[in-house]
Amino acid sequence: MSKNRGRIVSGLPSDINSGRPHPARFYDYWLGGRDNYLPDRQLGDEIAAHIPGIRAMARANRAFLGRAVRYAMTELGITQFLDIGTGLPTARNVHEVAQDVNPAARIVYVDNDPIVLAHARALMSSTREGRTAFAFADLRKPDSILNDPILAETLDLDRPVAVMLIAVLMYFRDADDPQSIIARLLSAVPAGSCLAITYPTADVDPKGATLAADACERAGITMALRSRAEVESLFAGTELVTPGVVHLDDWHPELAEAPMFEPEPYSGPAWAYAGVGRKL
């Protein structure tokens, strides 16, 4: 890997509130990372008390990301990725998976958490042929992403782009109108682009999922669980690729890499759905 030619926006807030939990950090905790604080671990443990397999499910979510990237490249011919709600760097980030398949792949990471910004340098390595960049922007304001000069510098929006919304849309209530946010993002990319989504659900165990969501809400974190049909509705404007919206582990398992984490089995399906839709 050569040093990336991309850049990170300067003059951004660098304050990190370690006194309250943050989704990027308790997700990092579940993945076995070290970029988290006591409140993140406490909430992570509280959620795990209601969803005993949450750590394995977090790993399954990460594994889906890799499979979706490989599918976009090998089946759809896409070499550009817009990963929104990136979270903290961990094993097999988008650019690592994508540039293993095609060294010329280009990736823009987007997040609005100062702690992710602080670690964004870890996302900036790239092959000599490709490019990665990080934009500090907010999914709630999709134009802040689409108008960021980093996007135009890194991606060619006249060619297909894979828009990755992995474990991020559950922080949006119906009143936030996530469908319109997604529609705005899709309007900026051409036909042949794709949309990848993962989303937690209460369909598997309504009581446990609701208790876990309530724990998040008490901590000041929105957790809007949705049914399979509601997750499918988020793909409006695309055609779902086979097998449609399914539980995490059931989406193209044949594309799996060797496990990136120590196995931590759980019984039953993951309490989350996954899917990829192609813009026609």
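Computed from a prediction, not measured in an experiment: that's the story for all the values here.

## Some remarks on the environment of N36
As for its position among the elements, N36 is in the loop between helix 1 (23–30) and helix 2 (38–50). Among the residues examined, N36 registers a relative accessible area of 9% and is labelled buried. Taking C-alpha positions, N36 is 8.6 Å from A24, a pair spaced 12 residues apart along the chain. A polar atom in the side chain of N36 sits 3.1 Å from the backbone oxygen of G33. At a separation of 2.8 Å, a polar atom in the side chain of N36 contacts the side chain of R41.

## Brief notes about the packing of helix 1 against helix 3 (residues 54–74)
One way to put it is that helix 1 packs onto helix 3 with a least axis distance of 8 Å and a crossing angle of 105 degrees. If you check the angle between helix 1 and helix 3, you find them roughly perpendicular. Where helix 1 approaches helix 3, its residues Y27, Y29 and W30 are matched on the opposing element by I54, R55, A58, R59, N61 and R62. The class makeup of the residues in the contact of helix 1 with helix 3 is five nonpolar, one polar and three charged.

## Considering the pattern of salt bridges
Where charged atoms of side chains with opposite charge meet at close range, the side chains can pair. Enumeration according to the criterion identifies nine salt bridges in this entry. Between R55 and D45 there is a salt bridge; the shortest N-O distance is 2.9 Å. Of this pair, R55 sits in helix 3 while D45 sits in helix 2, and the two are 10 residues apart along the sequence. Ionic pairing is found between E257 and R70, a salt bridge with its closest N-O pair at 3.3 Å. Of this pair, E257 sits in the loop between strand 9 (246–247) and strand 10 (272–278) while R70 is found in helix 3, placing the two residues 187 residues apart along the sequence. For R70, a relative accessible area of 12% corresponds to the buried category.

## Description of the packing of aromatic side chains
The way to describe two aromatic rings as a pair is by their centre distance and the angle between their planes. Per the stated rule, a full pass over the model turns up three aromatic pairs. Members of the aromatic cluster, each reached through a chain of ring pairs, are F64, Y71 and W251. Stacked on the ring of F172, the Lys or Arg R140 has its end atom at 4.4 Å from the ring centre.

## Thoughts on the pairing of strand 5 (residues 131–136)
Among the six residues of strand 5, six are classified as buried, and the element is accordingly described as predominantly covered. By the alternation rule, side chains of strand 5 split into R131, A133 and A135 and T132, F134 and F136, which are all buried. Of the pairings in the sheet, the one linking strand 3 (residues 106–111) to strand 5 comprises six bridges and is parallel in character. Each bridged residue has a counterpart across the sheet, and for I107 the counterpart in strand 5 is T132.

## What about helix 8 (residues 178–187)?
Looking at helix 8, one finds that the buried residues are P178, I181, I182, L185 and L186. Down the axis of helix 8, the smallest arc covering the buried residues is 135 degrees, so these residues share one side. Those residues of helix 8 that are buried are in contact with strand 2 (80–84), helix 6 (142–146), strand 6 (162–166) and strand 7 (194–200).

## Considering the pairing of strand 3
When a strand is regular, its side chains alternate between the sheet's two faces. Buried residues dominate strand 3, accounting for five of its six residues. As defined by bridge partners, strand 2 adjoins strand 3 across five bridges and the pair is classed as parallel. Across the sheet, Q80 pairs through a bridge with R106, a residue of strand 3.

## Side note on the environment of S227
Mapped onto the fold, S227 is located in the loop between helix 9 (206–218) and helix 10 (228–233). Note: C-alpha distance between S227 and Y273 (46 residues apart in sequence) is 8.8 Å.

## Quick look at the environment of A118
With respect to the element layout, A118 can be found in helix 5 (residues 114–118). Since its relative accessible area comes to 52%, A118 is described here as exposed. Residues A118 and L88, 30 residues apart in the sequence, show an inter-C-alpha distance of 9.3 Å.

## Considerations on unusual backbone geometry
When glycine is set aside, most residues are seen to have a negative phi, and most peptide bonds are trans. Cis geometry is found at the peptide bond from T242 to P243, where omega equals 10 degrees. Here P243 is to be found in the loop between strand 8 (239–240) and strand 9. In this model, A167 sits at a positive phi of 55 degrees, which is unusual for a non-glycine residue. As for its position among the elements, A167 is in the loop between strand 6 and helix 8.

The rules we used
Residues numbered from 1 in each chain as written. Predicted model: local features only at pLDDT ≥ 70, side-chain atom pairs only at ≥ 80, totals over all residues. Heavy atoms only, no water. Helix = DSSP H or I, 4+ residues; strand = E, 2+ residues; numbered from the N terminus. Buried < 20%, exposed > 50% of the residue type's maximum accessible area, 1.4 Å probe, protein only. Polar contact = N/O pair within 3.5 Å; in protein donor to acceptor, adjacent residues only side chain to side chain. Axes fitted to C-alpha atoms, helices over the stretch in contact; angles between N-to-C directions. Parallel < 35°, antiparallel > 145°, perpendicular 65-115°, else oblique. Contact = heavy atoms within 4.5 Å. Nonpolar A, V, L, I, M, F, W, Y, C, P; charged D, E, K, R; others polar. Salt bridge = Lys/Arg side-chain N within 4 Å of Asp/Glu carboxyl O. Phe/Tyr/Trp six-rings, centres within 6.5 Å; stacked < 30°, edge-to-face > 60°. Lys NZ or Arg CZ within 6 Å of the ring centre and 35° of its normal. Pairing = 2+ DSSP bridges. Arc of directions from axis to C-beta.

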